[in-house]
Amino acid sequence: MRSDRQPADTLPRDWLDLASKEMKGGDPASLVWHTPEGIPIKPVYTADDLDELEHLGSLPGHAPFTRGPKATMYAGRPWTIRQYAGFSTAEESNRFYRQALAGGQKGLSVAFDLATHRGYDSDHPRVVGDVGKAGVAIDSVEDMKILFDGIPLDEMSVSMTMNGAVIPVLAAFIVAGEEQGVERAKLSGTIQNDILKEFMVRNTYIYPPEPSMRIVADIIDYTAREMPRYNSISISGYHIQEAGSTIVQELAFTLADGREYVRAALAKGMDVDAFAGRLSFFFNMGMNFFMEAAKLRAARCLWSRIMKDLGASERSQMLRTHCQTSGVSLQEQDPYNNIVRTAYEAMSAALGGTQSLHTNSFDEAIALPTDFSARIARNTQLILQHETGVTNVVDPLAGSYYVESLTGALIDEAWALMEEIEELGGMTDAINKGMPKARIEEAAAQKQARIDRGDEVIVGVNKYNRNAQDPIEVRDIDNAAVRDAQVARLNRIRKTRDPDAHARSLANLEDVARSGEGNILEAAVEAARTRATVGEISWAMEQAWGRHVADVVTIEGVYEDGWAEDSNFVRSRESLAAFAERLGRKPRILVVKMGQDGHDRGAKVIASAFTDLGFDVTVGPLFETPAEAADLAVEHDVDIVGVSSHAAGHKTLAPMLLAELANRDAADKIVICGGVIPSQDYDFLKDAGVKAIFGPGTNIPKAAESLIGLLKEQLRGRNR
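Source: prediction; values computed, not measured. Starting from 1, residues in each chain are numbered consecutively following that chain's sequence as written. For this predicted model, a pLDDT threshold of at least 70 governs which residues receive local features, and a threshold of 80 or more governs which side-chain atom pairs are given and counted, while totals over whole chains, interfaces and linings are taken from all residues. Hydrogens are left out, water is left out, and the side-chain values use all remaining heavy atoms of the structure.

### Observations regarding the overall build of the chain
Our working rule: Helix and strand definitions here come from DSSP, where helices need a minimum of 4 consecutive H or I residues and strands a minimum of 2 consecutive E residues; each element is numbered from the N-terminal end. In this setup the radius of gyration rests on C-alpha atoms only. A globule is expected at 2.2 Å times the number of residues raised to 0.38. For the exposure calls, accessible area comes from a 1.4 Å probe over protein chains only, and a residue counts as buried if that area is under 20% of its type's maximum, exposed if over 50%, partly exposed in between. For this analysis, residues touch if any pair of their heavy atoms sits within 4.5 Å. Note that accessible areas follow from Shrake-Rupley with a 1.4 Å probe, and for residues the cover is restricted to the protein chains shown. The positive count covers Lys and Arg only, the negative count covers Asp and Glu only, and His and the chain ends enter neither. Charge positions come from single atoms, namely NZ of Lys, CZ of Arg, CG of Asp or CD of Glu.
Counting secondary structure elements, the chain contains 28 helices and 16 strands. Here the C-alpha radius of gyration of the chain, 26 Å, is about what a compact globule of 720 residues would show, namely 27 Å. For the chain, the spread of C-alpha atoms along the principal axes amounts to about 85 × 75 × 50 Å. In the chain, which comprises 720 residues, the proportion classed as buried is 60%. Considering only contacts within the chain whose residues lie at least 6 apart along the sequence, 80% involve residues at least 24 apart. Per element, the accessible surface of the chain, about 27600 Å² overall, is 49% carbon and sulfur. In the chain, 77 side chains carry a positive charge and 103 a negative one; their mean positions are 3 Å apart.

Structure representation (C-alpha cells):
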C-alpha cells in the first residue's frame with residue numbers, strides 16, 4: 001500500500017462518532033473489509049484519501065492515461081461490441097457470425113476448438129473428443145475461407161484467440177484474406193499471441209517457452225512490416241483471473257508478460273515505437289464492481305510507466321484493452337441470475353474505459369451459447385450504450401474518493417509484485433520457476449474455501465438457493481459428425497495439392513525454426529499457400545523444438561487453512577478418516593483431464609481440497625487419452641477416477657474411459673465427472689456407467705460425503 005496509516009486511523013472523527021452511535025457503541029473500525037489481496041476497504045472515503053496519489057492530475061488521452069487512452073472516449077465513439085464465438089464447422093460458425101453482425105455486433109472474435117489450439121488436425125487420434133467442441137474446427141486455408149465467406153475482411157476487424165498454434169492459424173488467415181482479394185496490409189484485428197499466459201494457466205501451449213517467445217517476436221516483427229492495421233499481440237489477464245488469481249495477480253502478471261514481450265521484440269533490434277501501437281491487452285471483468293473498474297485505470301497507469309522506462313514515446317505508452325465478462329462467475333444453479341451478473345460486469349468494464357467488450361451468455365456455465373442466449377448477451381451491451389447514459393461523460397468515476405484510492409492501491413500492490421518478478425529474472429524465468437502458477441493456485445483454493453464456507457456469497461449457489469432448477473435449452477454439438485466432415489475436407493485437400501511444393505514449404509519452415517534464421521510466420525504463410533494444414537505446420541516446428549510437457553504440481557494445506565475449524569469440513573474429514581480405518585488405507589482418487597482441454601483450475605482445486613480432507617490423490621498429466629487415463633488408474637490402483645470436463649467432450653471421452661477400464665478388468669473403479677456439464681447430459685453419462693456428476697458451484701465437503709457414500713456402497717458389494 002502507498003501509506004503506513006491503518007485504515008481505521010484515516011476514518012474521519014465526525015463520522016466515527018455518528019457511526020458509533022448508530023452501532024450502539026460498537027466499533028466502526030470493524031466495518032473495514034479486506035479484499036482477497038489484503039487491501040483494506042473502508043466504509044467511507046474523503047478528500048484526505050486522495051493525498052499523495054501519483055496517478056491524479058492528467059486528462060484523458062494524456063500519459064499516464066489513467067482516465068482513458070483517448071481524449072473523447074465514448075463521447076466520441078463507444079466501445080466495439082464483440083462476441084467471442086465459434087463452434088462446430090466453419091460453415092456453422094459463419095452462419096452465426098453473419099447473424100450476430102446483422103444484430104448489431106461490430107467486430108468478430110473467433111473461438112477455435114481445442115484440437116486447433118494444440119496444433120492437431122481433426123483426424124489426429126488424440127483429439128477424438130475435441131473436434132468442433134468449445135470452438136470452431138480449422139484445419140487449413142480452406143476452412144478459414146469458409147469461416148469468413150461473405151464477410152469483407154478489409155472492413156471487418158477480426159480478433160482471434162490463439163496462442164499455441166498461432167503461426168499456422170495466422171498464416172491461414174493471411175492467405176484466406178489474399179484469396180478473398182484483401183491484401184494483408186488491409187487486414188485489421190488482433191491475434192492473441194500471448195504464450196506466457198498459457199504456461200501459467202490455460203495450458204494450450206505446444207512448444208517450450210524459449211522457442212515460443214521467438215514466435216511472439218517474429219509475429220510482432222512481421223505484422224509491424226506487413227500488416228500495419230493488425231494488432232500483433234493481445235496480452236491476456238482474462239484466463240489468469242479465470243484460473244483463480246486475485247485482481248492484483250491478474251494485473252501484475254499480465255503487465256509483466258507484456259514487458260517481457262516488448263523486451264523480446266527489442267532484442268530483435270526493433271524500434272519500440274514501430275510496434276508498441278499494435279500491442280493490446282485483454283482483461284477479465286469479475287463481480288467486484290468498483291475494483292474491476294479501478295483495475296483498468298491502474299493498468300493504463302502502470303503500462304505507461306513500464307513503456308516509458310523502455311524508451312517509448314508518449315503515444316506508445318498507451319494501453320488499449322479488450323475485456324470479457326467473467327466466465328467463472330457464471331453459475332449452473334439458477335442460471336438466469338447470470339444475465340444480471342454479466343450486466344454488472346459489463347457496466348464495470350465501461351466505467352473502467354475498455355475499448356471493446358464481449359459479454360458472456362447466461363448459459364455458458366452449462367454449454368456453448370444458443371442463438372437466444374447470445375442475443376441477450378449482445379443486447380446487454382446495446383442497452384448499456386444507448387439507454388444508460390454512460391457514454392455521455394469521459395471517465396465518470398474520476399475524482400471518486402473511493403475509486404481513486406482503490407486505483408492507487410492497485411497500482412502500488414501490482415507494482416510490488418512485478419518488482420518481485422524482476423528479482424526472479426523476469427517473467428519467463430519466474431514461470432520456469434513456477435512462481436506465478438503456484439500463487440494463482442493458492443488463491444484459487446482460498447477462494448473456493450471462502451465460497452464453500454459461505455463467506456463469499458453467490459446467490460442461488462451457497463445462499464438463497466432454489467430447490468428446483470428451471471430447464472433451459474442448450475446447444476449440443478454432434479462431435480462425430482463434425483469430425484467426419486473435417487476429415488473428408490482434409491482428405492480432399494491432401495489429394496489435390498501440389499505434393500512437391502507442399503513438401504518444400506514444410507522443409508523450409510522446419511529449417512527456419514531449427515536454424516534461428518528468417519521469420520517463422522513468413523515461412524508459414526508460404527506453407528499455408530501450398531495447403532499445408534494446421535497440424536503439418538505445427539509438426540514441422542515441433543520437429544525442430546519438441547513439444548512442451550509441464551510438470552504436475554499440486555498444493556496442500558491451503559484449503560484446510562481456509563476452513564480452519566468449520567463444522568462441515570471437520571465432519572467430512574472425520575467421516576473419511578473413519579472409512580479409511582475400516583478400509584485399512586486412505587481412499588485413492590485419480591483426478592484426470594482428458595482431451596486437449598488445458599483449463600485445470602477445477603482439477604487442481606479438487607486435488608488440493610480432497611488431499612486436505614484425507615484422500616490419497618493422484619493428478620494425471622494434462623491432455624490424456626482415455627486409454628492413458630485408464631492405464632494410470634490401474635497403475636495407482638485407485639478407487640475413484642474423477643474426470644474434470646470443461647470443453648464439452650464428456651459425452652465422447654467418459655464412455656471411452658469406462659470401456660478402457662473394462663478392457664483392463666478394472667470396471668469396478670468408480671468413475672465420476674465434474675465441471676461444465678449440462679444437466680440434460682446427466683442421464684446419458686449415468687447410463688454409460690458414471691456414478692456421480694458434480695457441476696459448477698458444488699460444495700466440496702458435500703461432494704466428499706457423496707464419494708464416501710459411493711465407496712461404502714462399493715465395499716458392501718465386495719463383501720457380499
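### Side note on helix H8 (residues 209-226)
Along an α-helix, residues three or four positions apart point the same way, because every turn accommodates 3.6 residues. Under the convention used in this document: Each residue after the first adds 1.5 Å to the expected span of a helix.
Relative to the 26 Å expected for 18 residues at 1.5 Å per residue, H8 spans 26 Å between its end C-alpha atoms, a close match to the ideal helical length. Where burial is concerned, most of H8 is hidden: 14 out of the 18 residues are buried.

### Thoughts on the packing of aromatic side chains
For any pair of aromatic rings, the description rests on two quantities: the centre-to-centre distance and the angle between the ring planes. How we decide: In this scheme Phe, Tyr and Trp rings, the latter by its six-membered ring, pair at centre separations within 6.5 Å, and the angle between planes marks the pair as stacked below 30 degrees, edge-to-face above 60, and tilted otherwise. Working rule: Lys NZ or Arg CZ, within 6 Å of ring centre, within 35 degrees of ring normal, means a charge sits over the ring.
Applying the stated criterion across every chain yields a total of 15 aromatic pairs. Their ring planes at 70° and their centres at 5.0 Å tell us that tyrosine 74 and tryptophan 79 sit as a pair that is edge-to-face. Residues tyrosine 74 and tryptophan 79 agree in their burial class; the two are buried. When the ring of phenylalanine 289 is compared with that of phenylalanine 290, the centres are 5.1 Å apart and the planes differ by 85°; the resulting orientation is edge-to-face. For phenylalanine 290, a relative accessible area of 36% gives the class partly exposed. Ring-pair connections join several aromatic residues into one group, and the members of that group are Tyr45, Phe289, Phe290 and Tyr402. Note that lysine 42 overlies the ring of tyrosine 45, its terminal NZ or CZ placed 4.8 Å from the centroid.

### A few points about the sheet that holds strand E12 (residues 588-592)
Two strands in a sheet stick together by hydrogen bonds in their backbones, pointing the same way (parallel) or opposite ways (antiparallel). Short version of the rule: Note on pairing: DSSP must find at least two bridges between two strands before they are called paired. Each axis is a line fitted through C-alpha atoms, and for a helix only the stretch in contact is used; angles between axes span 0 to 180 degrees, taken between their N-to-C directions.
The parallel open sheet is built from five strands, whose spatial order is E13-E12-E14-E15-E16. Because the sheet does not close on itself, it has two edges, and the strands there are strand E13 (616-619) and strand E16 (692-694). Direction aside, neighbouring strands of the sheet carry axes that sit 20° apart on average. Here strand E15 (residues 670-675) runs beside E16; their pairing, made up of three bridges, is parallel. Residue pairing in the sheet places glycine 674 in a bridge with phenylalanine 694 of E16. Its contacts with the sheet place helix H26 (residues 650-663) against strand E14 (640-645) and E15, and it is angled at close to 160° to E15.

### Regarding the environment of alanine 488
By secondary structure assignment, the location of alanine 488 is in helix H18 (residues 479-496). Separated by 365 residues in sequence, alanine 488 and aspartate 123 place their C-alpha atoms 9.4 Å apart.

### Considering the pairing of E13
Test applied: Orient the strands so they point away from the viewer, and a crossover whose first-strand-to-second-strand path over the helix runs clockwise is right-handed.
Relative to E13, E12 runs parallel, the two sharing four bridges. Counted as the bridge partner of isoleucine 589 is valine 617 from E13. Remark: the E12/helix H24 (residues 601-613)/E13 crossover connection has right-handed handedness.

### A word on unusual backbone geometry
Proline 64 follows alanine 63 through a cis peptide bond whose omega is 5°. You can see proline 64 is positioned in the loop between strand E2 (40-41) and helix H2 (73-76). At aspartate 334, a residue that is not glycine, the phi angle is positive and equals roughly 45°. Examined against the element boundaries, aspartate 334 turns out to sit in the loop between strand E10 (321-325) and helix H13 (337-352). Classification of aspartate 334 as buried rests on a relative accessible area of 13%. You will see that arginine 531, though not glycine, has its phi angle at about 70°, which is positive. Position of arginine 531 relative to the elements: it lies in the loop between helix H20 (520-529) and helix H21 (534-545). Look at arginine 531 and you get buried, because its relative accessible area is 13%.

### Section: helix H3 (residues 90-102)
For H3, with 13 residues, the first-to-last C-alpha span of 18 Å sits near the 18 Å given by 1.5 Å per residue. Following H3 by one or two positions, glycine 104 adopts a phi angle in the positive range, close to 115°.

### With respect to the pattern of salt bridges
Two side chains that carry opposite charge are able to pair once their charged atoms sit near each other. For the record, the criterion: Salt bridges are identified by distance alone: a Lys or Arg side-chain nitrogen within 4 Å of an Asp or Glu carboxyl oxygen.
Across all of its chains, the model carries 49 salt bridges by this definition. The partner of aspartate 637 in a salt bridge is arginine 588, with the nearest N and O atoms 3.3 Å apart. Taken together, the residues aspartate 637 in the loop between helix H25 (626-635) and E14 and arginine 588 in strand E12 connect sequence positions 49 residues apart. A single network of salt bridges, built from pairs that share partners, joins Glu178, Arg184, Asp221, Arg225, Glu226, Glu526 and Arg529.

### So, the side chain of asparagine 284
Convention followed: We call two N or O atoms a polar contact when they sit within 3.5 Å, provided that within protein one can donate a hydrogen and the other can accept it, with sequence-adjacent residues counted only if both atoms are side-chain atoms.
One can find asparagine 284 in strand E9 (residues 279-285). Within the local environment of asparagine 284, its side chain forms a polar contact with the side chain of glutamate 242, the two groups lying 2.9 Å apart. Dropping the residues within four chain positions of it, asparagine 284 is found in contact with Tyr238, Gln241, Glu242, Glu250, Glu292, Lys295, Gln324, Thr325 and Ser326.

### Looking at the pairing of E15
When you tally the buried positions in E15, you get five out of six residues, the bulk of the element. With six bridges joining them, E14 and E15 adopt parallel strand pairing. Each residue of the ladder has a partner; that of serine 644, found in E15, is glycine 674. Between the parallel elements E15 and E16, the chain passes through helix H27 (residues 682-688) in a crossover that is right-handed.

### Looking at a nonpolar patch on the surface
Quick note on the threshold: Candidate patch residues must exceed 30% relative accessible area and have no salt bridge, after which like charges are joined if within 9 Å and Val, Leu, Ile, Met, Phe, Trp or Tyr side chains if within 5 Å.
On the surface, Met287, Val340 and Tyr344 cluster together into a nonpolar patch covering about 300 Å² of accessible area. One can find valine 340 in helix H13. Under the relative-accessibility criterion, valine 340 is labelled partly exposed at 43%.

### Here we look at the side chain of threonine 625
The residue threonine 625 is located in the loop between E13 and H25 in this model. Of the residues examined, threonine 625 reaches a relative accessible area of 16% and is grouped as buried. Excluding residues within four positions of it along the chain, threonine 625 makes contact with Arg126 and Met594.

### Let's talk about the packing of H25 against H26
Threshold: Each angle receives one of four descriptions, namely roughly parallel if under 35 degrees, roughly antiparallel if over 145, roughly perpendicular if within 65 to 115, and oblique otherwise. Handedness of each helix crossing follows the sense of rotation of the near helix against the far helix: counterclockwise by less than a right angle gives left-handed, clockwise gives right-handed. Note that Gly is not counted as nonpolar here; it falls among the polar residues with everything else outside the nonpolar set of Ala, Val, Leu, Ile, Met, Phe, Trp, Tyr, Cys and Pro and the charged set of Asp, Glu, Lys and Arg.
Look at H25 against H26: their axes get within 8 Å of each other, and the N-to-C directions meet at 45°. Accordingly, the angle class assigned to the pair H25 and H26 is oblique. Crossing of H25 over H26 shows right-handed handedness. Of H26, the residues touching H25 (which contributes Pro626, Ala627, Ala629, Ala630 and Ala633) are Leu653, Met656, Leu657, Glu660 and Leu661. For the contact of H25 with H26, a count of residues per class yields nine nonpolar, no polar and one charged.

### Focus on the environment of asparagine 94
Structurally, asparagine 94 can be placed in helix H3. The class of asparagine 94 is buried, set by a relative accessible area of 8%.

### A few points about the confidence of the model for the chain
Just so we agree on the cut-off: The predictor attaches a confidence to each residue, and that confidence, scored 0 to 100, is pLDDT.
Per-residue confidence for the chain gives a mean pLDDT of 90; residues scoring 70 or more make up 97%. Ranking the helices and strands of the chain by mean pLDDT puts H20 first, with 98, and helix H22 (residues 558-563) last, with 70.

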